[in-house]
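Below are the chains, spelled out letter by letter.
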Amino acid sequence: MDDSKASNQMWGGRFASGPAAIMEAINASIGFDRKLYAQDIRGSLAHSEMLAKTGIISAADQEKIAHGLNTILKEIEDGRFKFSTRLEDIHMNIEARLAELIGPAAGRLHTARSRNDQVAVDFRLWVKDELFRVAEALKGLIGAFLERAEEHASTVMPGFTHLQTAQPVTFGHHCMAYVEMFSRDLSRVRDAIGRMDESPLGAAALAGTGFPIDRHMTARALGFREPTRNSLDSVSDRDYALEFLGIAAICATHLSRLAEEIVIWSTPQFGFVRLSDQFSTGSSIMPQKKNPDAAELVRAKTGRVNGHLVGLLTVMKGLPLTYSKDMQEDKEAVFDAAETLDLMLAAMTGMVRDMTVNVAAMKKAAGSGYSTATDLADWLVRRLGLPFREAHHVTGRAVALAEQKKVGLEKLSLEDLRAIHPGIEDDVFSVLAVQNSVKSRSSFGGTAPAEVRKQVRYWKKRLAKA
Ligand code: ARG
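In this text the structure is predicted, and so the values were computed from the model without any measurement.

What counts, and at which threshold
Residues numbered from 1 in each chain as written. Predicted model: local features only at pLDDT ≥ 70, side-chain atom pairs only at ≥ 80, totals over all residues. Heavy atoms only, no water. Helix = DSSP H or I, 4+ residues; strand = E, 2+ residues; numbered from the N terminus. Rg over C-alpha atoms; globule rule 2.2 N^0.38 Å. Buried < 20%, exposed > 50% of the residue type's maximum accessible area, 1.4 Å probe, protein only. Contact = heavy atoms within 4.5 Å. Areas by Shrake-Rupley, 256 points an atom, 1.4 Å probe, with all protein chains shown as cover. 1 Å grid on protein atoms, 1.4 Å probe; cavity = no way out; pocket = protein on both sides within 12 Å on 5 of 7 lines; lining within 4 Å. Points joined across faces, edges and corners; volume = space filled by probe spheres on them. Nonpolar A, V, L, I, M, F, W, Y, C, P; charged D, E, K, R; others polar. Axes fitted to C-alpha atoms, helices over the stretch in contact; angles between N-to-C directions. Left-handed = near helix turned anticlockwise from the far one by under 90°. Salt bridge = Lys/Arg side-chain N within 4 Å of Asp/Glu carboxyl O. Pairing = 2+ DSSP bridges. Near = heavy atom within 4 Å. Polar contact = N/O pair within 3.5 Å; in protein donor to acceptor, adjacent residues only side chain to side chain. Phe/Tyr/Trp six-rings, centres within 6.5 Å; stacked < 30°, edge-to-face > 60°.

Asks: Give a detailed account of the overall build of the protein chain, specifying residues and quantitative values.
Replies: Regarding its fold elements, the protein chain presents 20 helices and eight strands. Taken over C-alpha atoms, the radius of gyration comes to 31 Å for the protein chain, far larger than the 23 Å a tight globule of 466 residues would show. For the protein chain, the C-alpha atoms occupy an extent of roughly 100 × 50 × 40 Å along the three principal directions. Looking at the 466 residues of the protein chain, the share that counts as buried comes to 50%. Long-range contacts, defined as pairs at least 24 residues apart, comprise 75% of the intrachain contacts of the protein chain with a sequence gap of at least 6. Surface exposure of the protein chain reaches about 22,000 Å², of which carbon and sulfur atoms provide 54%.

This is the structure we're talking about:
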């Protein structure tokens with residue numbers, strides 16, 4: 001394609017010379033929006049079919065257009081298409097090539113359409129496809145957690161608040177917490193798809209068109225539920241991109257919290273899990289080291305994804321209706337967030353699937369830090385009828401004594417305990433055992449292994465339908 005001629009073939013009537021180099025550099029989006037080529041061609045095919053069906057263009061011209069567009073699709077996919085910066089964006093690159101291929105009929109494709117509704121429909125199609133990809137990836141990650149939860153429904157570990165040992169929980173229960181988080185992400189994805197499932201094509205530049213187009217036909221052909229209902233909003237709305245970034249940022253934030261836990265758990269000090277060689281690296285100087293690089297990078301990449309959300313919110317916040325060129329800046333944010341999130345989800349699913357859980361280390365830690373102190377307080381309430389506040393006090397004294405003797409609560413003698421409260425009896429020791437502690441927390445959504453298994457069954461069934 002001859003670039004010098006192409007420079008003003010679109011608006012040559014108004015501009016005598018091609019844009020200055022700097023203008024071209026700031027204006028062009030082809031470097032990144034070429035990613036939309038398949039959606040652009042799909043949109044143009046649907047548009048041309050509608051134009052022919054409604055008699056706006058002839059069937060013969062439509063056939064030429066369709067043939068030309070399919071040729072271009074193949075050229076791009078085979079890497080033979082010559083993208084030109086002079087032609088600014090993917091829409092004009094394809095249209096110019098169409099003119100080369102089929103001549104004057106190409107000029108009829110843009111009837112009753114503008115790049116404003118064209119880019120809006122292309123980008124919606126792309127974001128919608130990406131959301132389906134994210135949904136599948138989330139299902140994979142949730143599935144991995146369900147497997148681990150089932151396997152470790154009764155593996156005890158310390159539960160933390162403030163990263164201080166709080167009460168014993170099961171590792172299965174901990175895994176199921178992530179099932180809840182990522183299932184909320186999945187439901188956000190579904191909601192967003194439902195909300196954005198409207199076609200803006202046919203809004204034209206901003207006001208609609210006088211040509212007798214059929215927007216319902218193009219909406220259907222492109223897999224949208226229905227056409228959008230206001231032409232101004234259609235070309236100025238980027239909510240679907242913002243929602244995608246919002247979903248991505250929340251999901252990335254979840255992944256980052258998980259990554260942080262994996263980093264902590266895989267330290268020799270914790271030793272709760274061991275990452276497979278596939279997801280860790282060695283040190284070039286310290287032979288003993290095994291670093292959780294993949295988890296650290298998931299944690300770090302969250303900054304990028306969250307940044308894109310703030311970036312696009314900031315681009316959009318001052319824009320009057322309807323289209324402004326500012327909106328061209330929506331794409332790189334979304335593309336990069338999408339690519340990053342896809343990678344983060346894949347890496348995390350891999351890590352969760354094949355990390356080795358150190359049951360013994362978790363169990364040992366579960367019993368340390370006076371983790372069953374609350375169980376002692378609850379026993380005092382249940383068995384001796386003490387008000388909880390008083391029981392809390394008595395337990396505090398027991399913990400202080402154990403600390404002083406440098407032993408766990410369960411290692412205090414009955415005499416020691418009776419000195420603190422004379423009503424304490426021998427069966428108190430059963431609630432001080434970690435396994436019994438978790439077993440007793442059988443309230444709905446609690447950490448008892450039976451309850452964890454129940455929740456695994458619930459989510460497995462729900463996931464199969466999600
Ligand atoms: N490349 C543009 C974008 O991504 C396409 C729409 C251009 N419309 C216009 N009126 N200049 O936003």
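Asks: Give a detailed account of the layout of surface pockets, specifying residues and quantitative values.
Replies: For the largest pocket, the calculated volume is near 570 Å³. In terms of lining, the largest pocket is formed by 23 residues, of which the most central are His173, His174, Ala177, Tyr178 and Glu261. Here the element with the most residues in the lining of the largest pocket is helix 8 (residues 171–196); it accounts for seven residues. Grouping the constituent residues of the lining of the largest pocket by class yields 12 nonpolar, seven polar and four charged. Considered as a void within the structure, the second largest pocket measures approximately 320 Å³ in volume. Along the wall of the second largest pocket there are 14 residues; nearest its centre are Ser266, Thr267, Pro268, Lys290 and Asn291. Counting residues per element, the ones that place at least two in the lining of the second largest pocket are strand 5 (273–274) and strand 7 (290–291). Of the residues that constitute the lining of the second largest pocket, the class distribution is five nonpolar, six polar and three charged.

Asks: Can you break down the packing of helix 5 (residues 59–77) against helix 6 (residues 90–102) residue by residue, with the values?
Replies: Direction vectors running N to C along helix 5 and helix 6 enclose 120°, while the axes themselves pass 9 Å from each other. The interaxial crossing formed by helix 5 with helix 6 has right-handed handedness. On helix 6, the residues touching Lys64, Ile65, Gly68, Leu69, Thr71, Ile72, Glu75 and Ile76 of helix 5 are Ile94, Arg97, Leu98, Leu101 and Ile102. Partitioned by chemical class, the residues of the contact of helix 5 with helix 6 number eight nonpolar, two polar and three charged.

Asks: Residue-level account of the pattern of salt bridges, with values.
Replies: Enumeration over the complete set of coordinates arrives at 33 salt bridges. In this structure, Lys290 and Asp277 form a salt bridge, with 2.9 Å as the shortest nitrogen-oxygen distance. Of this pair, Lys290 sits in strand 7 while Asp277 sits in the loop between strand 5 and strand 6 (281–282), and the two are 13 residues apart along the sequence. A network of salt bridges, in which partner residues are shared, links Glu88, Asp89, Arg115 and Lys325.

Asks: Give me the lowdown on the pairing of strand 2 (residues 164–170), citing residues and values where you can.
Replies: Both strand 1 (residues 156–161) and strand 2 contribute to a ladder of six bridges, which runs antiparallel. Its bridge partner lying in strand 2, Val156 is registered against Thr170. Connecting the antiparallel pair strand 1 and strand 2 is a turn made up of two residues, with His162 showing a positive phi of about 55°.

Asks: Talk me through the site of the ligand; I want residue IDs and the actual numbers.
Replies: Ser29, Asp33, Asp89, His91, Arg115, Asn116, Val119, Tyr323, Gln328 and Lys331 make up every residue found near the ligand. Interatomic distance of 2.9 Å between a side-chain N/O atom of Asp89 and a nitrogen atom of the ligand. Side-chain polar atom of Gln328 to a nitrogen atom of the ligand: 2.8 Å apart, as the coordinates give it. With three residues, the single largest contributor to the shell around the ligand is helix 7 (residues 115–151). By residue class, the composition of the shell around the ligand is two nonpolar, four polar and four charged.

Asks: Hey, could you go over the packing of aromatic side chains for me, with residue numbers and the actual values?
Replies: The full count for this structure, using the stated rule, is 11 aromatic pairs. For the ring pair Phe160 and Phe270, a centre distance of 6.0 Å and an interplane angle of 50° mean the geometry is tilted. One end of the pair, Phe160, is in strand 1; the other, Phe270, is in the loop between helix 11 (239–265) and strand 5, with 110 residues separating them in the sequence. By relative accessible area, which is 25% here, Phe270 ends up partly exposed. A centroid spacing of 5.7 Å and a plane angle of 70° characterise the contact between Phe171 and Trp265, whose relative ring orientation is edge-to-face. Taken together, the residues Phe171 in helix 8 and Trp265 in helix 11 connect sequence positions 94 residues apart. Of the two residues examined, Phe171 and Trp265, each falls in the buried class. Every member of this aromatic cluster is reached through a ring pair, and the members are Phe123, Trp126, Tyr240 and Phe335.

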